[in-house]
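If you want the building blocks of each chain, they are given just below.
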Amino acid sequence: MSQIFNNLIDNSIKYNTSDKKSVIIEIEEDKNYYTFKVKDNSRGIDDAKKHEIFELFKTAGIKDKFGKEGTGIGLATVKNLVTKLGGKITLTSKLGEGSTFTFTVKKLL
C-alpha cells in the first residue's frame, strides 16, 4: 500500500505546476473492498493517453517540473500492486483541472 501511495502522491507533486499544490486522499469501504481516491490539481492527463498510462514503459508524454519525462514504470507498478491486492484502478482527469486515481483493495475476510 505504501508503494502505491508513494507513486501516486509523488506523481501528483512532480507533474503539478500550480503555485499551491493539492493532494486529497479519500477512503470508503463496503463489505468486500476498500476504495481509495487520490485527487490532485495537477496539469491533468490527455484523454488520448489515459488508456495506456498503466502499461509498462508508457507515459503521458508530459515533462515533470524538472524537465524530465517519466519512465512509465511507476503507474504500471501501481496497477500491478493493486491487481495483486484483488482490486482495480481507474483514472479520471481533465487537462488543466487535475486527476483522480481511484483504486480498490479487497478486504481480507
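Note that the structure is predicted; figures quoted are calculated from it, not measured. (Residues numbered from 1 in each chain as written. Predicted model: local features only at pLDDT ≥ 70, side-chain atom pairs only at ≥ 80, totals over all residues. Heavy atoms only, no water.)

Another point: the overall build of the chain. Assigned secondary structure in the chain consists of three helices and four strands. A compact globule built from 109 residues would reach a C-alpha radius of gyration of about 13 Å, and the chain, at 14 Å, matches this within 12%. The principal-axis extents of the C-alpha atoms in the chain amount to approximately 45 × 30 × 25 Å. Of all 109 residues assigned to the chain, the portion counted as buried reaches 34%. If you take every contact in the chain between residues at least 6 apart in sequence, the share linking residues at least 24 apart comes to 55%. Accessible surface computed for the chain: about 6900 Å², of which carbon and sulfur atoms make up 53%. (Helix = DSSP H or I, 4+ residues; strand = E, 2+ residues; numbered from the N terminus. Rg over C-alpha atoms; globule rule 2.2 N^0.38 Å. Buried < 20%, exposed > 50% of the residue type's maximum accessible area, 1.4 Å probe, protein only. Contact = heavy atoms within 4.5 Å. Areas by Shrake-Rupley, 256 points an atom, 1.4 Å probe, with all protein chains shown as cover.)

Strand order in the open sheet formed by four strands is β1-β2-β4-β3, and the pairing between neighbours is antiparallel. Edge positions in the sheet fall to β1 (23–29) and β3 (89–94), since each has one partner strand and no second. Between one strand and the next, the sheet's axes are offset by a mean angle of 15°, whatever the strand orientation. Contacts from helix α1 (residues 2–14) reach β1, β2 (33–40) and β4 (98–106), with the element oriented near 20° to β2. (Pairing = 2+ DSSP bridges. Axes fitted to C-alpha atoms, helices over the stretch in contact; angles between N-to-C directions.)

Its location among the elements puts Asp30 in the loop between β1 and β2. Along the sequence, Asp30 and Lys107 sit 77 residues apart, while their C-alpha atoms lie 9.1 Å from each other. A polar atom in the side chain of Asp30 sits 2.7 Å from the backbone nitrogen of Tyr33. (Polar contact = N/O pair within 3.5 Å; in protein donor to acceptor, adjacent residues only side chain to side chain.)

This is a description of form; function is not addressed.
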